[in-house]
Every structure is written in structure tokens, then in C-alpha cells.
Amino acid sequence: NSFHTFRESMLYSNDSFFLVSTSIIIFLMACGFAFLEAGSVRSKNTTNILFKNLLDTCISSICYFICGWAFAFGTNGNAFCGFGQFLLIDFDPLLFPSWFFHFAFAATASTIVSGALAERCEFYAYISYCVVLTGFVFPTITHWAWQKDGWLANGPEGIKFKDFAGSGVVHLHGGTTALIGAICLGPRIGRYEDDETGTPAVPMKGHSTPFAALGGFLLMFGFFAFNGGSQSTIDTPGDAQTIGRALTSTMLSGAWAAITVLILNKMFVGKKWSLLMSINGVLVGMVSACSGCDAYEPWACSVVGIGSGLSYLLVLKMVEVLRIDDPLDAAAVHFGGGLWGLMISPIMMNEGIIFVANRRAFLQLGWNCVGALAIIGWSLSLMGSLFLILRLLGLLRVPEEVELKGLDLYKHGEAAYPLVAYGHGWDDPADQ
Amino acid sequence: NSFHTFRESMLYSNDSFFLVSTSIIIFLMACGFAFLEAGSVRSKNTTNILFKNLLDTCISSICYFICGWAFAFGTNGNAFCGFGQFLLIDFDPLLFPSWFFHFAFAATASTIVSGALAERCEFYAYISYCVVLTGFVFPTITHWAWQKDGWLANGPEGIKFKDFAGSGVVHLHGGTTALIGAICLGPRIGRYEDDETGTPAVPMKGHSTPFAALGGFLLMFGFFAFNGGSQSTIDTPGDAQTIGRALTSTMLSGAWAAITVLILNKMFVGKKWSLLMSINGVLVGMVSACSGCDAYEPWACSVVGIGSGLSYLLVLKMVEVLRIDDPLDAAAVHFGGGLWGLMISPIMMNEGIIFVANRRAFLQLGWNCVGALAIIGWSLSLMGSLFLILRLLGLLRVPEEVELKGLDLYKHGEAAYPLVAYGHGWDDPADQ
Amino acid sequence: NSFHTFRESMLYSNDSFFLVSTSIIIFLMACGFAFLEAGSVRSKNTTNILFKNLLDTCISSICYFICGWAFAFGTNGNAFCGFGQFLLIDFDPLLFPSWFFHFAFAATASTIVSGALAERCEFYAYISYCVVLTGFVFPTITHWAWQKDGWLANGPEGIKFKDFAGSGVVHLHGGTTALIGAICLGPRIGRYEDDETGTPAVPMKGHSTPFAALGGFLLMFGFFAFNGGSQSTIDTPGDAQTIGRALTSTMLSGAWAAITVLILNKMFVGKKWSLLMSINGVLVGMVSACSGCDAYEPWACSVVGIGSGLSYLLVLKMVEVLRIDDPLDAAAVHFGGGLWGLMISPIMMNEGIIFVANRRAFLQLGWNCVGALAIIGWSLSLMGSLFLILRLLGLLRVPEEVELKGLDLYKHGEAAYPLVAYGHGWDDPADQ
């Protein structure tokens with residue numbers, strides 16, 4: 001009896017410890033995105049993008065407290081959404097570690113979008129989509145896929161939507177929102193050649209490669225917690241090996257994707273060894289790994305990773321051809337990588353199609369397609385409507401003058417690198 | 001019997017694991033402070049401030065090894081301080097995880113101060129206060145509040161000082177020291193208008209907003225470990241949910257505070273959406289959360305956070321009016337936020353005054369006031385005396401020429417960004 | 001019975017949790033090295049060094065998957081190396097957490113080298129040594145020392161090679177490789193005075209002290225996981241206190257080393273308070289702590305740390321005299337510190353020579369010398385041969401023009417700080 005009590009207590013305690021420690025690391029992905037984005041924009045918009053990423057975490061937490069949790073995991077739910085524990089009233093305190101974990105996911109989903117809208121998005125527009133996304137749209141998707149009465153978790157013949165860590169729930173959703181946001185906003189002034197006047201495109205490079213790399217490393221760091229933590233328990237038999245496998249798959253998939261992007265870019269696209277493309281390569285590989293990283297053999301990650309690298313380059317090309325301006329390639333990384341992840345996991349995972357090409361395995365693939373379409377459709381319709389409304393109201397994009405001169409001084413009064421703060425008074429050049 | 005042995009072993013092991021892993025993350029707060037401060041000073045003093053933050057961790061560890069632990073948790077103590085295990089001789093090896101945890105706290109307390117003294121403090125002065133603070137002053141305060149025979153932990157009628165993670169012990173102490181240090185040092189040359197000559201104030205902006213943001217994110221990351229880890233055990237029933245609650249409170253309180261500061265600053269003070277103020281807003285909210293984050297309902301965090309934002313703005317205004325120069329707003333964040341945290345926790349926490357307005361609840365508030373006064377008085381008298389002695393000896397402040405020309409080259413021979421290290425030899429402007 | 005099952009399950013689960021969480025933090029050392037190196041090179045080679053550090057992690061993971069694990073811990077091994085589970089086929093899924101942990105070590109070993117070769121190493125040369133090191137040379141050394149049938153783990157009279165966290169296995173190996181690499185490459189153009197023409201040396205400062213400091217802090221953060229995690233289990237009685245002791249030793253040893261280097265440099269070498277030397281001081285102290293950090297009394301760390309500081313300065317001087325160019329002082333930190341760590345641990349550790357000067361204690365010292373010589377010899381012969389072959393093939397070093405003009409634009413087409421990305425359009429100087 002004493003043993004039974006002890007066992008229950010230990011399981012809850014250690015599982016919570018696991019949730020909490022992975023959540024804290026996942027939280028740092030906000031910093032990772034902030035610096036990936038800050039490094040990829042021009043110096044005149046750096047304060048602005050850092051500001052948005054910082055506020056993301058704040059607004060997400062408040063929205064997830066007010067109604068996000070309620071729609072995702074609140075009591076009295078149905079197949080579509082939860083509906084209870086608004087404001088965390090009547091909330092079971094045993095679930096606090098879970099709340100924090102899922103908040104960290106919501107903050108990540110929201111912060112994916114800011115990159116695609118960088119350098120031209122109006123402040124109130126940003127607040128609006130952040131509130132809607134973390135307060136309603138993302139929570140409902142998590143409910144569909146990850147709550148036991150969600151409709152995606154209850155497919156035909158007992159099939160469940162296969163999305164272990166959120167290739168679909170987090171990244172496809174975030175990537176779709178980023179894409180529709182970038183489309184509604186339109187490209188930055190001068191990003192593409194002007195067909196009418198013939199004014200050529202202006203180079204729009206990020207202002208700090210080291211910051212982009214810092215962001216990339218922090219995101220890799222966070223991805224291990226993101227993908228490992230998605231097991232959400234550590235002490236049930238089988239958990240620990242699954243988590244180890246998830247980390248291994250995440251790293252290998254990221255590595256194969258980076259090398260794929262690196263080599264193909266060198267051969268066919270940029271003709272040089274691009275660091276920035278390699279960073280996106282690692283990230284897209286890890287995004288694709290999310291869906292099935294708990295169930296891949298290590299060798300199978302080569303297929304997942306190489307394919308994700310290809311899907312990244314493909315979406316990148318499409319975005320370019322369609323003259324969409326996505327300064328961070330968020331659509332290519334998260335939409336391309338997320339979609340590929342959902343498609344490949346039913347094929348390459350243990351008991352997947354290449355191992356057992358039976359009805360059940362194909363059904364799994366089909367159900368993942370259904371889930372992908374549902375997520376894309378839901379994100380497009382709700383977030384797209386929001387962006388369109390904002391556009392019609394003239395609240396989506398900053399005035400032309402502000403865009404050209406930069407958002408930092410106008411909106412925030414804070415230059416990223418104020419000139420007055422530089423220089424010193426010593427003369428000896430040998431010291432400098 | 002075997003079960004009993006196993007249980008004891010597991011409890012110790014897992015609790016130690018929890019302590020150790022949170023300590024490691026708390027340690028990174030040193031990096032967070034370093035970059036918050038580096039971003040907030042001018043480029044000519046950047047190496048200097050990074051140097052101080054790095055040395056902080058080193059000096060703290062040695063002082064905490066020599067006598068800090070002895071005064072805080074050493075055997076043979078009384079209500080005022082411990083007195084044993086100097087140099088960690090006769091130290092119980094089972095306590096190594098605890099030592100490392102408390103060292104991480106001491107390093108954090110010490111590093112709070114360096115921001116307020118930035119850009120003008122003499123090297124030996126800095127060494128002196130770091131030694132005194134981590135070797136004696138901070139350890140005694142932790143003894144009062146967190147050791148079971150400390151006088152603050154044994155209030156009237158069984159009341160204990162309510163300071164779960166150190167709004168008072170760490171932040172009010174650090175903030176008071178920062179304030180008295182900034183007062184003794186005096187403002188940087190040109191920081192305020194010169195009344196005699198009428199020379200106007202010189203703008204003193206930090207040189208890198210991204211570094212300040214990096215520091216802010218790393219501090220948020222660290223705060224979760226700081227406030228969660230303060231439970232110090234994970235496997236006793238109730239621990240895990242308390243830790244989850246502490247994290248939730250910390251995030252929500254930080255978010256409400258950031259939004260409060262952001263909006264009030266936009267409306268009444270700077271008239272723009274300030275990133276730097278928002279960062280301080282998040283931090284002050286988290287500082288205030290320390291005291292009672294284990295015992296707040298989520299909705300109560302709105303009161304804690306909004307109030308901490310107000311207290312930050314209030315202290316900021318007072319510091320400005322009194323012409324004190326605190327380049328990092330350390331006093332406003334840590335003194336203002338810490339004091340508010342101690343005052344609000346007996347009111348808003350579960351079983352606090354708004355829930356049960358009984359004698360015991362008011363006694364708790366009174367005892368927290370006593371504790372706050374004791375911490376302020378102790379820090380002011382000891383650290384203030386030290387700063388005054390250093391000032392009288394002429395060791396507190398660098399010579400005027402060094403201050404004007406910058407400390408980096410003169411003291412360290414290392415510019416933050418040596419000009420000779422920049423530039424390249426390629427001509428094609430399209431590549432740049 | 002149920003209890004027995006539960007106990008086994010808990011031990012495996014929690015030990016895996018410990019392995020996985022320390023691995024994730026160790027992984028961030030790649031970011032630490034990246035920024036220590038990026039800050040220490042000139043701006044024209046910054047993208048290049050970040051690129052190499054990012055690819056390091058990718059290539060390491062693939063090589064460690066293909067054959068690294070097989071040679072290190074694969075089944076069917078002998079005293080020299082493992083030989084099984086290539087491509088992780090027939091891999092026991094219970095070992096996934098171990099794989100990820102050892103991969104993180106391999107990535108760290110590999111990334112040590114890149115600093116010494118900075119600013120002039122050819123891309124294919126870098127790929128080659130990374131593949132050989134993480135695919136074969138490092139794995140065999142780990143097999144010798146850390147696999148139970150390795151020859152170093154089975155010394156005479158039951159003595160084992162004393163290298164808890166890898167002063168020898170990781171750092172001496174990495175430092176030796178860095179040294180021979182720097183020798184084979186030769187110094188950067190202008191690094192030393194030209195004896196023939198008399199052209200004086202050119203100052204070669206790193207371009208960003210803050211980045212170097214960021215790298216230093218992240219490496220300290222990682223070292224705690226590296227040295228604590230080397231216990232590899234948390235729940236066996238004795239584990240937790242050993243881990244706590246390891247962290248304490250690591251911090252104290254780093255602190256003593258930093259202060260030693262700082263003071264000696266101020267008195268005898270650079271005459272100023274050098275931040276960059278202090279960072280290397282902390283790191284060399286932590287490197288030296290690796291070998292015996294599980295078995296030092298806290299006071300003994302002063303000897304370990306002070307000695308490591310001296311060994312750093314000594315190797316630094318030798319490298320300078322021999323006109324070897326090691327831009328990151330990787331040889332001084334990792335070779336000097338690693339060798340000192342191996343020599344001092346049999347002396348200062350509990351049951352070491354200063355406590356019990358018996359035959360067994362001296363045998364331990366002797367065996368550590370044997371191990372050190374073996375690691376140096378193995379690294380020199382294999383990695384040295386590789387560098388020589390690459391040199392003979394003309395693949396080791398970039399062309400002179402590329403070196404002078406910088407690698408970033410030529411190789412990567414990505415400047416670290418593209419000029420076109422800077423500036424804004426606002427006029428009011430007060431805003432800047």
C-alpha cells in the first residue's frame with residue numbers, strides 16, 4: 001500500500017519534472033526565433049523584431065491563461081474543442097506543469113509567424129494575430145490532435161493522427177499562417193523588380209549573420225526539448241528509450257537536411273556554401289522530424305531529412321516565383337517542412353508503409369493527409385480572414401515612409417545601435 | 001526494508017537532480033545580466049562590464065566556498081548566522097548539490113549590483129563589494145530567512161517570513177546595494193544637467209539593443225529555474241504541482257508587468273513602444289513573483305504583475321528626481337520589484353489577506369514588512385559603509401579622464417570592437 | 001516482484017532522463033565554441049567560422065551514426081575498439097539516450113579543433129578532419145578509456161585510467177589535434193614578423209569581445225553538464241553527491257584558474273586586466289577539472305585550478321616561441337589544461353598521492369601518464385598524417401588572396417555584417 005502510494009507519487013513527480021525542465025528549454029526558442037529574425041532583418045528594424053518576439057511570449061501567456069487552455073484542454077469539451085477552465089478557474093493544480101508546457105508550445109507557434117511579416121507589419125496587426133492565434137486557433141488544433149476526444153485523435157478504425165511533436169499542429173499551422181500573412185501584407189518596397197517602372201530589386205540582406213547563427217543554435221537546442229518533451233512522460237516503461245530515439249532522429253534528420261540544402265544550393269542555386277541556408281536546412285529537418293521522431297530507425301532519418309531539404313528548396317522557389325516576400329523563409333521551413341513531416345512519417349516510421357504495406361499503414365497516411373488539409377484550411381480561413389480584415393481597415397501595414405526609413409526609431413524610439421553610444425577617447429591606434 | 005532504502009535513495013537522488021539541473025540554468029543568469037548590462041552601456045565600457053560579470057561568478061564561488069556557506073548554512077549557527085564548515089571542511093558530501101544551488105543564488109545576488117555602478121566604478125571597489133556581499137552580507141540574509149533556525153524563519157505565533165524564491169533575500173538586498181552604490185558613486189559625468197555651468201545632459205544610450213534583449217531572454221529563462229528551483233525538492237508529494245504553479249505565476253506576473261510598463265510608458269513617459277522598458281517590465285514582474293509564486297492563483301498574478309510594473313515606474317521616477325544614476329535601472333527592477341513582491345504576497349496568496357482577512361494573515365504581512373526593513377537596513381548599513389570607506393579612500397571611482405575616454409582600453413587593453421578587426425578586401429559591392 | 005520491476009524501470013528511466021538533459025545542454029557547447037571563435041576572428045572570416053561550427057554538429061552526428069558509435073561502444077569489440085552496430089543496425093533502443101550523450105561529446109571534441117585552424121583552413125580539409133575525428137579517432141579513444149574492455153580501463157593491478165569527464169579523452173585529444181593542425185597549416189599571413197623581409201607582425205584581434213564572452217559563458221554552462229553528466233547515472237546510491245561534487249569542483253577549479261591567469265597576465269604579460277585571458281582561464285580550469293572532479297575535496301581545487309592556469313600560460317608561451325599560430329589558444333586551453341588535469345588528479349584526488357602515498361596511488365599516476373602519451377601519440381600520428389596528406393595535396397590552406405581578403409564573401413557569399421543592411425532614414429540626431 002505504501003509502495004503503491006509511493007509509486008504514484010514518483011510517477012507524477014518525475015513526469016512533472018520532465019515536463020517542466022523541457023518547457024523551460026522550449027521557452028528559450030522564443031530567444032532563438034528572436035535572434036534568427038533579428039539577424040535576418042536590416043538594422044533599422046531590429047528593435048522592432050526583438051520587441052515583437054518578446055511581447056509574443058507575454059501576450060501568449062496571457063491569452064493561453066484566459067482562454068487558450070480552455071479551448072485546448074478545458075473540461076466539457078467535444079471533438080472540436082475544449083470549453084472549460086477559462087481564466088484557469090477550477091483548474092486542477094496537478095496540471096500546472098502541463099499548462100506551462102503547452103503555453104511554451106503556443107508561444108513557439110505564434111513566434112514562427114513574426115519572421116514572415118518582418119520589416120513592414122503594423123503593431124496592432126501583430127497584437128491581433130498573436131491574440132487570435134494563441135487564444136483560439138492554435139488551441140483548437142492541439143485539441144483536435146492531442147486531446148483524447150479530439151476528432152483527429154479518433155480517426156477511422158482506431159487510427160490516430162500521427163504527429164508526435166507537432167510537424168502539423170505547430171509548424172504547418174505556423175507556416176500556413178506565415179504564408180497567408182506574407183501574401184496579405186505584400187512584399188517589402190523594392191524586394192522585387194517593379195514591373196511598371198522597371199526599378200530593379202534592392203538587395204535585402206539581414207544585418208547580422210552571427211545573430212542569425214545564434215538564433216539557429218538556440219533553436220536546435222530548443223528542438224531537442226521540443227521533440228523529446230513531446231513524450232510528456234518519462235517514467236512509464238518505454239518512455240526513456242522513446243525520448244532518446246526522438247533526440248537521435250531530430251539530430252540526424254536536421255543534419256541530413258542541412259547537408260542536402262547546402263550541397264544543392266552550392267550546385268544549383270547560390271553557387272556558394274551558404275551558412276544561412278544551412279541554418280534553415282537544419283531547422284527544416286528538425287521540423288520534419290517532429291511528426292515521427294519517436295518511431296524512426298536512425299537510418300530512416302536520412303530519407304526524412306533529405307526530403308525535408310528538398311521540400312524546403314521547393315517551397316522557397318515557389319514563394320520566389322509567386323513574388324511573396326517572406327524575409328525569414330518561415331513558409332519554406334515550417335510549411336514545407338511540416339507538410340513533408342506529416343507525409344513521410346506514415347511511410348518511414350516503424351510499422352509504416354515501407355515496413356508493412358497494409359491497409360492500416362495506408363489509412364494512417366490518408367488520415368495524416370486529412371489532418372494536414374484540416375490544419376491548412378483552418379489556419380488559412382481564420383488567420384487569412386483576420387489578415388484581410390486588418391488590411392481592409394488599413395491596420396496591417398506601416399506607412400510607406402516608415403517602412404523606408406525603418407520602424408525602430410519611429411515606433412520605438414530606440415535604434416538597435418545608437419551612434420552616440422559608440423567610440424572612445426583614446427588615441428593610441430595600437431590599442432584599438 | 002529494501003523498499004524503504006530504495007525510497008530514501010530515490011528521494012535524495014531525484015531531489016539532487018532537480019537542484020543540480022536548476023542550478024545550472026540559474027548559473028546562466030550571470031550571462032543574462034552580463035548581456036543586459038553590456039547592451040546598456042556605451043561601447044567604450046563594454047569589455048569592462050563583461051569582465052565584471054565574468055569575475056563575479058569566479059569570486060562568488062571562491063567566497064562562497066571560503067565562508068559564504070559557513071555563514072549561511074554552516075553548522076553551529078544561531079538565529080543570526082551559521083558558523084561552521086569554513087572552507088567546506090567537515091562538509092557533508094550529500095550537500096554538494098545544495099552548495100552549488102546556493103552558490104548560484106549568491107552569484108546572482110552579486111551580479112545585480114554591477115549594473116548600477118556601470119561605466120565608472122573602480123576595479124578594486126568592485127572586487128571589495130563582491131567579496132563582502134557573497135562572503136558575508138548575502139549569506140547572513142539567507143540564514144535569517146531560509147535556514148530553519150534563522151530569526152526571520154521563526155516569527156511570532158509560528159509565522160515564517162514569506163519569501164519563496166527571494167524577492168527580499170536576493171532582489172531587495174541586491175537592489176538596495178545597487179541603490180546605495182549608485183548614490184555613493186555619483187552620476188556619470190554629463191548624465192544630468194550641470195546646475196552650475198548649465199551644461200546640458202548628454203544622451204547616454206546603451207550601445208546594443210540586441211544584446212540587452214539577449215540578456216533579457218536569458219534572464220527570463222533563468223528566472224524559471226530560479227523560481228521553480230526554490231522549491232528545492234521535487235519528489236515530496238505536492239512539490240511538482242507547486243513548481244508548475246511557480247512557473248506559471250512567474251510567467252504571468254512578468255507578462256502583466258511588461259504590458260503595464262509598456263502601456264504606461266507609451267501613454268505618459270516616453271510616448272513610444274519601448275523595448276528596453278518592456279524587458280525591464282518582464283524582469284520586474286518576475287522579481288515580484290519570487291516571494292509568493294508558489295501560492296498564487298493564476299488570476300492573482302495580474303495584481304502582482306501590474307503592481308510591480310507600477311512600482312518599477314515609481315522607483316524609476318524617484319531615482320530620476322533624486323538625480324541618482326543607475327544605468328541599468330537595477331534599483332527600480334530589484335528594489336522596487338522586490339519590495340512590492342514582499343508586500344503583495346501576504347495579501348494575494350492563497351490563505352492571504354484577500355481570502356481570509358484574519359489575524360494570522362495580517363501578522364504575515366507585518367512580518368514581511370519587518371523582514372523587508374531588516375534586509376534594507378542590513379544592506380544599507382554594511383554595503384553603504386563599505387562604499388563610503390572606498391569613497392573616502394578614493395578607490396570607488398575611476399579618474400575623470402578614464403571615465404570620459406572609456407574603461408576598456410585603459411583598464412583592459414581590449415576594445416569591444418577593435419577597428420583593425422573589421423573590413424575585407426573584396427570589391428564587388430553586390431557581395432556585401 | 002512488482003516492486004522489483006518498478007525499481008528497475010525507475011532506475012533506467014531516471015538515469016536516461018539525466019543523460020538526455022545533460023546531453024542537450026552539452027550540445028549547446030557547440031554554440032559556445034562557435035561564438036568564442038567568432039568573436040576571436042576578424043569580421044571577414046566570421047561567417048566561415050560559424051559555418052564550420054554549425055556543420056561540425058551535423059557531420060559529427062552522421063559520422064557518429066555511421067561508424068563512430070560502432071568503434072566506440074559497438075558490440076564484438078576488443079581492447080582496442082568496438083566493432084559492431086554500424087549504421088546503428090541491431091542497436092538496442094534502450095541505448096538511444098547513451099548514443100545521444102556520446103554524440104554530444106564527439107561533437108564537442110571535434111569543435112575544439114576549428115579554433116586553431118581559423119581564418120585560413122580550406123573547407124574540404126575541415127570536412128576531412130571532422131569525419132576522421134568523429135568517425136574513428138575519437139571513438140577509439142573513448143573505447144580505450146570508457147568502455148569496460150578498453151585497454152586503458154584495464155590497467156595493471158586493477159588500476160583504471162582516471163579520466164572522469166575527459167581531460168584526456170576529449171580535451172587532450174582535441175588540443176593535440178588542434179596543435180598539429182595549426183603547425184601543419186602554418187601561421188596566418190602577417191601573424192609573425194617576417195624574418196626575411198623584416199615586415200612587422202600585423203595585429204590580429206578578434207572582432208567582437210562580447211561574442212567571445214558569450215561563447216565563454218555558454219561553455220561554462222555546458223561544462224557543468226559535461227562534467228556532471230559524466231557520472232552518466234543519477235539514481236545509484238552515491239551518484240547525486242558525486243555529481244554535486246563534480247559541479248563544485250568544476251566551478252572552483254575554473255575560478256582559481258581564471259584568477260591565476262588574470263593576475264599573472266596583469267603582472268608579467270599583458271600588464272592589463274584581460275577579459276579574453278580570463279575567459280580562457282576559466283575554461284582551462286574547467287578542462288583540468290574534468291579528470292578528477294568527481295573526487296576532489298573543494299580545497300584541493302585550488303591546486304588543480306592554479307596549476308591549470310600556469311600550464312595554460314606555459315603552453316601559450318611555447319606556442320608563441322615556436323611561432324605556431326593558434327588564434328583561439330585551443331592548444332593552451334585544451335592540450336595544456338587536459339594534460340595538467342590527467343597529471344594532477346592522481347595526486348590531489350581522494351585516495352590520491354598526497355593522501356596515501358602508496359604503490360597503488362603512484363601506479364595510478366603512472367597509468368595516467370601512459371594514457372596521456374597514448375592519446376597524444378594516437379592523435380598526433382593519425383590526425384597529423386591526415387593534415388600532412390592534405391597539405392601535400394594542396395587542400396589544407398586557402399589561397400593567399402582569399403586569406404588576405406577574407407573567406408566569408410569568397411566562400412560563402414555572406415558577409416557577417418553586410419553594409420547594405422545598415423543605416424536608416426530618420427534625421428533627428430536626438431533619436432539616434
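The following refers to the structure shown. (Residues numbered from 1 in each chain as written. Chains lettered and ligands numbered in written order. Predicted model: local features only at pLDDT ≥ 70, side-chain atom pairs only at ≥ 80, totals over all residues. Heavy atoms only, no water.)

### Details of the overall build of chain A
Secondary structure assignment for chain A yields 14 helices and 0 strands. Put simply, chain A runs from its N terminus to its C terminus through helices and strands in the order α-α-α-α-α-α-α-α-α-α-α-α-α-α. In terms of overall size, chain A behaves like a compact globule, its C-alpha atoms giving a radius of gyration of 22 Å where 432 residues would be expected to give roughly 22 Å. Once the C-alpha set of chain A is aligned to its principal axes, its extents read approximately 75 × 55 × 50 Å. Sequence-distant contacts in chain A: of pairs separated by 6 or more residues, those separated by 24 or more amount to 78%. For chain A, the computed accessible surface area is about 13200 Å², with 65% contributed by carbon and sulfur atoms. Within chain A, one finds 23 positive and 32 negative side-chain charges whose respective centroids are separated by 7 Å. (Helix = DSSP H or I, 4+ residues; strand = E, 2+ residues; numbered from the N terminus. Rg over C-alpha atoms; globule rule 2.2 N^0.38 Å. Contact = heavy atoms within 4.5 Å. Areas by Shrake-Rupley, 256 points an atom, 1.4 Å probe, with all protein chains shown as cover. Lys, Arg positive; Asp, Glu negative; His and termini not counted. Charge placed at Lys NZ, Arg CZ, Asp CG, Glu CD.)

### Thoughts on the interface of chain B and chain A
The interface of chain B with chain A comprises 70 residues on the first partner and 64 residues on the second. The junction of chain B with chain A conceals about 5900 Å² of combined surface from both sides, 76% of it contributed by carbon and sulfur atoms. Our count for the chain B to chain A interface comes out at 0 salt bridges. Between chain B and chain A we count 15 residue pairs in polar contact (both at pLDDT 80 or more) in total. Of all the secondary-structure elements, those providing two or more residues to the side of chain B that touches chain A are α1 (2–27), α7 (209–229), α8 (239–268), α9 (275–289), α13 (400–405) and α14 (407–412) of chain B. Broken down by element, the side of chain B that touches chain A gets its largest block of residues, 14 residues, from α8(B). When the residues that make up the side of chain B that touches chain A are grouped by side-chain class, the tally is 45 nonpolar, 15 polar and 10 charged. (Buried area = accessible area lost by both parts, 1.4 Å probe. Salt bridge = Lys/Arg side-chain N within 4 Å of Asp/Glu carboxyl O. Polar contact = N/O pair within 3.5 Å; in protein donor to acceptor, adjacent residues only side chain to side chain. Nonpolar A, V, L, I, M, F, W, Y, C, P; charged D, E, K, R; others polar.)

### Describing the relation of the copies chain C and chain B
Here chain C sits on chain B after a turn of 120° about the axis and a move of 0.0 Å along it, with an RMSD of 0.0 Å. Interpreted geometrically, this transformation is the action of a three-fold axis. (Least-squares fit on C-alpha atoms with pLDDT ≥ 70 in both.)

### Brief notes about the side chain of C:Q147
All names here are of chain C. Structurally, Q147 can be placed in the loop between α5 (123–146) and α6 (167–185). The buried category is assigned to Q147, whose relative accessible area is 18%. Beyond its immediate chain neighbours, meaning those up to four positions away, Q147 contacts A72, F73, T142 and A153. (Buried < 20%, exposed > 50% of the residue type's maximum accessible area, 1.4 Å probe, protein only.)

### A few points about the nonpolar core
Judged by nonpolar contacts, the single largest core of 434 residues is most densely connected at A:W99, B:W99 and C:W99. Counting 9 residues, the second largest nonpolar core, distinct from the first, contains A:F3, A:F6, B:M10 and C:F6. (Core = buried A, V, L, I, M, F, W, Y, C linked by side-chain atoms within 4.5 Å.)

### Digging into the interface of chain C and chain B
Interfaces are often sized by the accessible area lost when the parts come together. Taken together, the 70 residues of chain C in the interface contact 64 residues of chain B. A buried area of about 5900 Å², summed over both sides, lies between chain C and chain B, and 76% of it is on carbon and sulfur atoms. The largest per-residue losses of area from chain C upon contact with chain B belong to C:F217, C:W273 and C:L409, which jointly make up 13% of the total buried on that side. At the junction of chain C and chain B, the tally comes to 0 salt bridges. Applying the counting criterion to the chain C and chain B interface returns 15 residue pairs in polar contact (both at pLDDT 80 or more). Secondary structure elements with two or more residues in the side of chain C that touches chain B: α1 (2–27), α7 (209–229), α8 (239–268), α9 (275–289), α13 (400–405) and α14 (407–412) of chain C. Taken together, the residues of the side of chain C that touches chain B break down into 45 nonpolar, 15 polar and 10 charged.

### Side note on α1(C)
Here α1(C) contains 26 residues, and its C-alpha end-to-end distance of 37 Å stays within 8% of the 38 Å for a straight helix at 1.5 Å per residue. Across the 26 residues of α1(C), 19 count as buried, placing the element largely inside the fold. (Expected span 1.5 Å × (residues − 1).)

### Things to note about helix α10 (residues 300–321) of chain C
An α-helix turns once every 3.6 residues. As a result, residues three or four positions apart point the same way. With 22 residues, α10(C) extends 32 Å from end C-alpha to end C-alpha; this agrees with the ideal 32 Å at 1.5 Å per step. Downstream of α10(C) by a residue or two, C:R323 has a phi angle that is positive, lying close to 55°.

### Here's the deal with the packing of helix α9 (residues 275–292) of chain A against helix α3 (residues 46–73) of chain C
At a minimum axis distance of 10 Å, the contact between α9(A) and α3(C) shows a crossing angle of 25°. As summarised for this structure, α9(A) and α3(C) are arranged roughly parallel, according to the angle between their axes. Pair α9(A) / α3(C) crosses with left-handed handedness. Seen from α9(A), the contacting residues are A:L275, A:S278, A:I279 and A:V282; seen from α3(C), they are C:T47, C:L50, C:F51, C:L54 and C:C58. (Axes fitted to C-alpha atoms, helices over the stretch in contact; angles between N-to-C directions. Parallel < 35°, antiparallel > 145°, perpendicular 65-115°, else oblique. Left-handed = near helix turned anticlockwise from the far one by under 90°.)

### Things to note about the pattern of salt bridges
Residue and element names in this part refer to chain A. All told, the structure shown has 36 salt bridges over all chains when counted by the stated rule. The shortest N-O distance in the salt bridge between R359 and E157 comes to 2.3 Å. Of this pair, R359 sits in helix α12 (residues 359–392) while E157 sits in the loop between α5 (123–146) and α6 (167–185); the two residues are 202 residues apart in sequence, bridging distant segments of the chain. We classify R359 as exposed; its relative accessible area is 58%.

### Concerning the packing of aromatic side chains
This model, assessed by the stated rule, comprises 117 aromatic pairs over all chains. Here A:F105 and A:W146 contribute two aromatic rings whose centre-to-centre distance is 5.8 Å and whose plane-to-plane angle is 80°, an arrangement assigned as edge-to-face. Here A:W146 lies in helix α5 and A:F105 lies in helix α4 (residues 96–116), a separation of 41 residues in the sequence. Looking at A:W146, the relative accessible area reads 25%, which means it is partly exposed. Here the aromatic rings of B:F100 and C:F224 are separated by 5.0 Å at their centres, their planes lie at 65°, and the arrangement is edge-to-face. In this pair, B:F100 is assigned in helix α4 (residues 96–116) and C:F224 in helix α7, connecting two distinct chains. (Phe/Tyr/Trp six-rings, centres within 6.5 Å; stacked < 30°, edge-to-face > 60°.)

### Here's the deal with empty space enclosed by the protein
Residue and element names in this part refer to chain A. Scanning the entire structure with this criterion turns up 6 cavities of 30 Å³ or more. As a volume, the largest cavity reaches approximately 300 Å³. Computed from the structure, the second largest cavity encloses a volume of approximately 100 Å³. In this structure, the second largest cavity is lined by 14 residues; those nearest its centre are F33, L36, L283, L328 and H334. Elements that contribute at least two residues to the lining of the second largest cavity include exactly α2 (29–40), α4, α7 (209–229), α9 and α11 (330–348). When its residues are assigned to classes, the lining of the second largest cavity shows 9 nonpolar, 3 polar and 2 charged. (1 Å grid on protein atoms, 1.4 Å probe; cavity = no way out; pocket = protein on both sides within 12 Å on 5 of 7 lines; lining within 4 Å. Points joined across faces, edges and corners; volume = space filled by probe spheres on them.)

### Overview of the state of the cysteines
Residue and element names in this part refer to chain C. Per the stated rule, a full pass over the model turns up 0 disulfides over all chains. With no disulfide of its own, C81 has C67 as its nearest cysteine by sulfur position, at a separation of 11 Å. In this structure C369 is a free cysteine whose sulfur lies 18 Å from that of C290, the closest cysteine sulfur available. On the basis of relative accessible area, C369 is assigned to the partly exposed category, the value being 29%. (Disulfide = S-S within 2.5 Å.)

### Some words on the side chain of C:S249
Residues and elements named next belong to chain C. With respect to the helices and strands, the residue S249 is situated in helix α8. A polar contact is formed between the side chain of S249 and the backbone oxygen of C293, at a distance of 3.0 Å. Contact partners of S249, with chain neighbours within four places excluded, come to A289, C293, Y296 and C301.

### Points about the environment of B:G337
Residue and element names in this part refer to chain B. By secondary structure assignment, the location of G337 is in helix α11 (residues 330–348). For G337, a relative accessible area of 0% puts it in the buried group. Setting aside chain neighbours within four positions, we find G337 in contact with V284, V287, S288, S311 and A332.

### Things to note about unusual backbone geometry
With a phi angle near 60°, A:R323 is a residue other than glycine that sits in the positive phi range. You will see that B:Q85, though not glycine, has its phi angle at about 60°, which is positive. You can see B:Q85 is positioned in the loop between α3 (46–73) and α4. Given a relative accessible area of 11%, B:Q85 falls into the buried group.

### Regarding a nonpolar patch on the surface
A cluster of nonpolar side chains, A:I66, A:L87, A:I89, B:W299, B:I354, B:F355 and B:V356, forms an exposed patch at the surface whose accessible area comes to about 550 Å². For B:V356, the position within the fold is in the loop between α11 and α12 (359–392). Classification of B:V356 by relative accessible area gives partly exposed; the value is 34%. (Patch = residues over 30% accessible without salt bridge, like charges linked within 9 Å, V, L, I, M, F, W, Y side chains within 5 Å.)

### Observations concerning the environment of B:Y296
Residue and element names in this part refer to chain B. Among the structural elements, Y296 can be located in the loop between α9 and α10 (300–321). You can call Y296 buried: its relative accessible area is 1%. A sequence separation of 18 residues divides Y296 from L314, and the C-alpha atoms of the two residues are 24 Å apart. Apart from the residues within four sequence positions on either side, Y296 is in contact with R245, S249, A289, C301, V304, G341, I344, S345, M348 and M349.

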